Amino acid sequence: MPLLEISQLKKAYTSPDGGTHVVVDVPEFKLEAQAQVALSGESGSGKTTFLNLIAGILAPDTGSIKLNGLELAGLRESARDRVRATTIGYIFQTFNLLQGYTALENVLLGMSFGPGADREFAKALLKRVGLDTKLNHLPRQLSTGQQQRVAVARALANRPKLVLADEPTGNLDHANAGESLKLIREACRENGAALLLVSHDREVLGQFESVQELGKFNRAAK
Amino acid sequence: MTILLIVAKSLRQHLLSTVVTAASIALAGGLLMAVWVVKTQSNDAFTKQNAGFDAVLGARSAKLQLVLNAIFHLEASPGNLPWSDYEDIAKNSAVALALPIAVGDNYHGYRLVGTTTNLFAVEHRPGRRYRVAEGNAFEAGYMEAVLGSFAARQLKLQVGDKFHPYHGLNFDEKQKHDELYVVTGILEPSNTPADRVIWIPLEGIQNMKGHDAKSAAEISAVLVKLKNPIAGRGLELMYNKQGNRLTFAWPIAQVVAELFGKIAWFDKVLELVAWLVAAVATGSVLASIYNSMNERRRDIAILRALGARAHTIFLAVVLECAAIAVLGMIAAFAVYLGITTVAAGIIRAETGVVLDAFAWHPILAWAPAAMIGLSALAGVIPAVKAYRTNVAENLVPVS
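Caption draft 1: The arrangement of the overall build of chain B in detail. Along its length, chain B carries 14 helices and 15 strands. Over its C-alpha atoms chain B spans a radius of gyration of 30 Å, topping by over 25% the 21 Å that the globule rule assigns to 399 residues. Sequence separation of 24 or more characterises 79% of the internal contacts of chain B that already satisfy a separation of 6 or more.

Written out as structure tokens, the structure reads:
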């Protein structure tokens, strides 16, 4: 059974002129457990909305999202929050670290809404991403690459089954991007998490054995 | 624990507004508690204060003026009465002890009260007499003085020191008497108005040079201790209803209570002002948190993206408002102690009545509870805004 199984998924927004603008219209999408898949797509192709639907941040208008056998589409918001806290890790293009929290606290927070804070595991994750000497640094005291690594550690903190990465290297320079991507992939593999990454960067996409073009399976992007 | 971490971090991230808002809570809460405690304690202290006496006999006047003058050593004497009136009431079978007093002089604003050594036989509280703690009691007929503890401290007078009294109840340096008095003793603190009096022999006031010769056979009032307080009804009837020359102020507590009854409206105004200040301070918590919601939106969205439920965020905002109030109310106790200590000092200096800033009063529990509760309630409005934060829209940085 696939880890993620999507069928007939639709999401539309009401535009300022009152019309309906369909952003996501995916008849079918599957992701196997521990698989690593890249989604390519240009700006406005609905990549972020698609990831937010899988993460349960957005509720679909119609369709089905089955994650680890659980149907997300029919769940209330609080139940989707719970699924996100326990099953999903999310890496954002802008890292979205909490500025008032240290690197360690950011990672601990990634756990505390789900399985519960495990200080030793949080430290081990930060050590894995090379930040064992920066545990008590605030995000502003870290370089952009280091902030990204904190975000990677945080995404894995709740021992997720699925890591969603939205243009994770978009804010990094060339050298950092390559290193960061390698780290994300290795860390997901080590922790048994599947990775679904969206990017429009050909170099990033070239690193993946499996690349799917969003424009091909999202009818709204065609 | 996570929610407490979120609250603590947010308080720290918005440190300036946290401190300013908590300070306004501290001032309002401290003021509210101080107004209440000073009002209640002074009401209790004045109405329970009788300095060890049940009644006052004096010249025909308002009972309140008589009590204020003879017991609290405030106000002017309403007039004198002949020595024979003292002798009459002292002999009355209902009277346990009668103490004649004469006033009319001061030393740097502290009243000289002439009386007899019977003063030292009076129990100002059950089992506690006016006792000379240092030195000795004055002797009748000598120019000797025993100082109340507060007066001695304020005037910096010690046993053996000498001073010239001044004429009148208010200090006027041009009104200096020639007589030279020596301090023979200092009273143990009694926490009564007697603490701020300079006690001298009765003849001292009566025969002070410059006083009306007629006053040598007169006194200002008689302080009366009854064998049975109920007996005051008969004396009241005799002096107040059947006679028209003297006033018998009894019972003292009721006379003072009438004063507080007359100024009850002022208490209400004070209470209202204190509550308004408290309401404004609570409103400042709401304004402070609500105004910062825009800058908090992204953090809220991130927390939600990490799996925090909407009601967790709602609760965090409410708790943050309550936490500001908790911090404010902790500081409010310092404000409260400051205000009550100053107020108690003024009241003691002016009346001799002692208020205890550290004494327990229920408002010290329910004012903090009310302020924290109201602040938490005020937090519901920004909390609803936080609850409704659109996660997907706010995950993108505001540029």
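Alright, that's what it looks like, and here's the rest.
Caption draft 2: Structural context of the packing of helix α11 (residues 310–351) of chain B against helix α13 (residues 380–387) of chain B. Residues and elements named next belong to chain B. Remark: α11 packs on α13, axes separated minimally by 8 Å, with the N-to-C direction vectors making an angle of 150°. With respect to their mutual orientation, α11 and α13 come out roughly antiparallel. Of the two elements, α11 crosses α13, and the hand of that crossing is right-handed. Touching Ala310, Ile313, Phe314, Val317 and Val318 of α11 are Val380, Pro382, Ala383, Ala386 and Tyr387, all from α13.

Caption draft 3: Quick peek at the interface of chain B and chain A. With 16 residues of chain B at the interface, the matching set in chain A holds 20 residues. Among the elements that make up the side of chain B that touches chain A, the one with the highest residue count is helix α1 (residues 2–13) of chain B (four residues). Here the residues of the side of chain B that touches chain A sort into nine nonpolar, three polar and four charged.

Caption draft 4: Structural detail: the domain arrangement of chain B. Residue and element names in this part refer to chain B. One can read the domain layout of chain B as domain 1 (2–47 + 262–394) and domain 2 (55–250). On a C-alpha basis, the centroid separation for the pair domain 1 and domain 2 is 48 Å. Along the lines of polarity and charge, the residues of the side of domain 1 that touches domain 2 split into two nonpolar, two polar and one charged.

Caption draft 5: Structural context of the sheet that holds strand β9 (residues 210–213) of chain A. Residues and elements named next belong to chain A. Pairing within the open sheet is parallel, and its five strands lie in the order β6-β7-β8-β3-β9. For this open sheet the edge positions go to β6 (88–91) and β9, each flanked by a neighbour on one side alone. Pairs of neighbouring strands in the sheet enclose a mean axial angle of 20°, with direction left out of account. Pairing of strand β7 (residues 162–166) with strand β8 (residues 194–199), which is carried by five bridges, proceeds in the parallel orientation.

Caption draft 6: A look at the sheet that holds strand β4 (residues 62–67) of chain A. Residues and elements named next belong to chain A. Within the open sheet, the four strands sit side by side as β2-β1-β4-β5. Their pairing is antiparallel. Only two strands of the sheet have a single partner each, and these edge strands are β2 (20–31) and β5 (70–71). Relative to β5, β4 runs antiparallel, the two being bridged by two bridges. When the sheet's bridge partners are listed, Leu67 is paired in β5 with Leu70.

Caption draft 7: Up close: the environment of Ser84 of chain B. Topologically, Ser84 of chain B is positioned in helix α4 (residues 83–91). Linking Ser84 of chain B and Ala217 of chain B, residues 133 residues apart in sequence, is a C-alpha distance of 8.9 Å.

Caption draft 8: Fine view of the nonpolar core. All names here are of chain B. Counting residues in each nonpolar core, the largest one holds 186 residues, and the members touching the most others are Ile25, Ala55, Val56, Val67 and Val224. Residue contributions to this core peak at 15 residues, all from α11. Looking at which domains feed residues into this core, each of domain 1 (2–47 + 262–394) and domain 2 (55–250) gives three or more. Leave out the neighbours within four places in its chain, and Val224 touches Phe53, Asp54, Ala55, Val56, Leu57, Ile89, Val95 and Ala98.

Caption draft 9: Just unusual backbone geometry, in detail. The omega torsion across Trp250 of chain B and Pro251 of chain B is -15°, close enough to zero to call that bond cis. Relative to the assigned elements, Pro251 of chain B resides in the loop between β15 (246–249) and α8 (252–262). Of note in this structure, Gln8 of chain A is not a glycine but carries a positive phi near 50°. Inspection of the secondary structure puts Gln8 of chain A in strand β1 (residues 4–14). Gln8 of chain A gets classed as partly exposed once you count the C-beta atoms within 10 Å, which come to 13. Not every positive phi belongs to a glycine, and Asn68 of chain A is a case in point at roughly 55°. By the element assignment, Asn68 of chain A lies in the loop between β4 and β5.

Caption draft 10: Representation of the environment of Arg60 of chain B within the structure. Residue and element names in this part refer to chain B. Summarising the element assignment, Arg60 is placed in the loop between β1 (55–59) and α3 (63–70). For Arg60, a count of 15 C-beta atoms within 10 Å gives the class partly exposed. In the structure, Arg60 is positioned 186 residues away from Leu246 in sequence and 4.3 Å away in space, judged by C-alpha atoms. When near neighbours in sequence (up to four residues on either side) are disregarded, Arg60 contacts Asn244, Arg245, Leu246 and Thr247.

Caption draft 11: Region of interest: α8 of chain B. All names here are of chain B. Along α8, the positions that sit buried rather than exposed are Ile252, Val255 and Val256. End-on view of α8: buried residues confined to an arc of 95°, all on one side of the axis. The inward-facing, buried residues of α8 contact α2 (15–48), β1, α3 and β15.

Caption draft 12: Region of the structure containing the environment of Ser149 of chain B. With respect to the secondary-structure elements, Ser149 of chain B resides in helix α5 (residues 149–155). Taking the C-alpha atoms as reference points, Ser149 of chain B and Gln41 of chain B, 108 residues apart in sequence, are found 22 Å from one another.

Analysis parameters
- Residues numbered from 1 in each chain as written.
- Chains lettered and ligands numbered in written order.
- Predicted model: local features only at pLDDT ≥ 70, side-chain atom pairs only at ≥ 80, totals over all residues.
- Helix = DSSP H or I, 4+ residues; strand = E, 2+ residues; numbered from the N terminus.
- Rg over C-alpha atoms; globule rule 2.2 N^0.38 Å.
- Contact = placed C-beta atoms within 7 Å.
- Axes fitted to C-alpha atoms, helices over the stretch in contact; angles between N-to-C directions.
- Parallel < 35°, antiparallel > 145°, perpendicular 65-115°, else oblique.
- Left-handed = near helix turned anticlockwise from the far one by under 90°.
- Nonpolar A, V, L, I, M, F, W, Y, C, P; charged D, E, K, R; others polar.
- Domains from an automatic or database assignment.
- Pairing = 2+ DSSP bridges.
- Core = buried A, V, L, I, M, F, W, Y, C linked by C-beta atoms within 7 Å.
- Buried ≥ 20, exposed ≤ 12 C-beta atoms within 10 Å, placed from the backbone.
- Arc of directions from axis to C-beta.

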